[in-house]
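Observations on the three-dimensional arrangement
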Amino acid sequence: MKIRNRIANIQRNGIDRLPKLLFNKRKSLTLFCVVAVLLITGVYIIANNYQWYDSTIVRIDSVENVSDPSALANGSSEKHYLQILSGTVMNGNFPNKKIQLKNRYSATEVFDDQYKAGDEVFVTVRQTDGGVLSGLILGMKRDKYMAVLCAALILFILIIATKKGLFTILSLSVNIALFWYALDLYSKGTDILFLSNCLVLLFTVLSLLFISGLNRKTLSAILATLISIAATLFLFQLVMMTTDGVDYAFMEYIASPNDLPDIFMSQIMLGGLGAIMDVAITEAATINELIARDKRISIKDLIKSGREVGHDIMGTMINVMFFTYISGSIPLIILKMNSDIRLHTIILYHMPMELYRFFIGSIGILLSIPVSLFVSILFFKKVRRFA
């Protein structure tokens, strides 16, 4: 009899909650549809934003590929091709006019591009006395592809993470705006190391507040992240003072030799920040959950559980750091290996800065595990006793 009553209560409660569940699902579906329409509209606007550009844009209508005899005559072993392109001018002084273009590209396309019908390119237009348009291709217009990827990312974040996904998008948008503003200040003469310190503080606080809200877990993760970054930079400076330091001549695209150490320090701080924040919030969430389930849990058990979690995420975070830094060097490595330069030489003499960043960032991840664990226990176990 009792079992039947329980079943009846469960069924009654389920029926009573059904309208609310359907309303929530309908509300979420409506929100997703609105967001999808807005994103599609945004992509359409970006794909047709020709009037936003001062440079002339040409849409390629047809392509004819032929061999390039001039390249073969120069003794090049690589195959080269010549493209005869017919297109339509989309903006500027000759809208909707037909234009003929030429494009030379190599088989590897290392320094050039192969175009196809439907591509849009930036062009400097010339008009002959007979009114025929020709021009020189400056590069491809790629903003529409970026818009599609951005829209897909936003949509997937909202579908998978719903409310937290919205705050993730807001956090990312704010961080991009701050980074953009900092670069503008640097171009006007502001010290880059000062800007980087401000960015680390703002990125850490705003990102964790947006994603996790204002609570002890967030405050613990913020403090642990900042301490870990400071400890990593302290160790780096200590090594720099006791050794010959870093040869900044290997840095890429050196344009301002006066502040190379500050630029490198900025790369280290910002490059490892994301992984260290991830470790800090994971440890804080773990300790918070353990104490919430068992308020009498001992500090020894908390340390043991926190270390196990730290060991589990340590390997993946270090691998993330490795792939982040090495991925940008893949084209350079392949190009130099095709030029018969040994991999050993490439690693030692062409990409030491990437290795420095990887090693220092990995040390930061390792330091963040005990720091996050200690700060989290202090916040959730010790401070609670006095609350």
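What you see is a predicted model; the values in this text were computed from it and never measured. Position numbers for residues start from 1 in each chain and track the written sequence from start to end. Only residues with pLDDT of at least 70 get local features here, since the model is predicted, and only at 80 or more are side-chain atom pairs given and counted; chain-wide, interface and lining totals rely on the full set of residues. Water and hydrogen atoms were dropped before computing side-chain values, which therefore reflect all heavy atoms in the structure.

**Considering the side chain of Ser362**
Structurally, the position occupied by Ser362 is in helix 10 (residues 352-386). Exposure is judged per residue with a 1.4 Å probe applied to protein chains only, and the accessible area is read against the type maximum: over 50% gives exposed, under 20% gives buried, and values in between give partly exposed. In this structure Ser362 comes out as buried when scored by relative accessible area, which is 9%. N or O atoms within 3.5 Å of each other form a polar contact, as long as, within protein, one can give a hydrogen and the other can take it, and as long as residues adjacent in sequence are counted only when both atoms are side-chain atoms. In terms of polar contacts, Ser362 uses its side chain to reach the backbone carbonyl oxygen of Phe358, at 2.8 Å. Contacts between residues were defined by any pair of non-hydrogen atoms, one from each residue, lying within 4.5 Å. With sequence-adjacent residues up to four places away left out, Ser362 is seen in contact with Ile318 and Met321. To qualify as a helix, a DSSP run of H or I must reach at least 4 residues; to qualify as a strand, a run of E must reach at least 2; elements of each kind are numbered from the N terminus.

**Here's the deal with the nonpolar core**
Of all hydrophobic cores here, the largest spans 33 residues; its most connected members are Ile229 and Ile287. Elements supplying a minimum of two residues to this core: helix 4 (192-212), helix 5 (216-242), helix 6 (260-293) and helix 10. With 12 residues, helix 6 is the largest single contributor of residues to this core. With sequence-adjacent residues up to four places away left out, Ile229 is seen in contact with Val200, Met269, Leu273 and Ile276. Nine residue types can take part in a nonpolar core, namely buried Ala, Val, Leu, Ile, Met, Phe, Trp, Tyr and Cys, and a core is a set of them joined through side-chain atoms within 4.5 Å.

**Some details on the layout of surface pockets**
Only protein atoms enter the 1 Å grid used here, on which a cavity is any set of points holding a 1.4 Å probe that cannot leave and a pocket is any open set flanked by protein within 12 Å on both sides along at least five of seven lines; residues with an atom within 4 Å of a point are listed as lining. Grid points are joined across faces, edges and corners, and a volume is the space filled by probe spheres set on the points. Quantified by volume, the largest pocket comes out at close to 510 Å³. Taken together, 17 residues form the lining of the largest pocket, with Ser171, Asn175, Ser207, Gly274 and Met277 sitting closest to its centre. The set of elements that each furnish at least two residues to the lining of the largest pocket consists of helix 3 (143-187), helix 4 and helix 6. The dominant element in the lining of the largest pocket, judged by the number of residues it contributes, is helix 6, at seven residues. Three residue categories are used. Nonpolar comprises Ala, Val, Leu, Ile, Met, Phe, Trp, Tyr, Cys and Pro, charged comprises Asp, Glu, Lys and Arg, and polar comprises the others, including Gly. By residue class, the composition of the lining of the largest pocket is nine nonpolar, seven polar and one charged.

**What to know about helix 5**
Between its terminal C-alpha atoms helix 5 stretches 39 Å, which fits the 39 Å expected from 27 residues at 1.5 Å a residue. Of the residues making up helix 5, those classed as buried are Thr218, Ser220, Ala221, Ile222, Ala224, Thr225, Ser228, Ile229, Thr232, Leu233 and Phe236. The residue sitting at the N-terminus of helix 5 and contributing the capping side-chain oxygen is Asn215; that oxygen lies 3.2 Å from the backbone nitrogen of Lys217. Expected span, for any helix, means 1.5 Å times one less than how many residues it has.

**Quick look at empty space enclosed by the protein**
If you walk through the whole model with that rule in mind, you get one cavity of 30 Å³ or more. The computed volume of the largest cavity comes to approximately 60 Å³. Lining of the largest cavity is provided by Ile229, Thr232, Leu233, Ile268, Met269, Gly272, Ile276, Ile360, Gly361 and Gly364. Where the lining of the largest cavity is concerned, the elements lending two or more residues are helix 5, helix 6 and helix 10. Here the lining of the largest cavity gets four residues from one element, more than from any other, and that element is helix 6.

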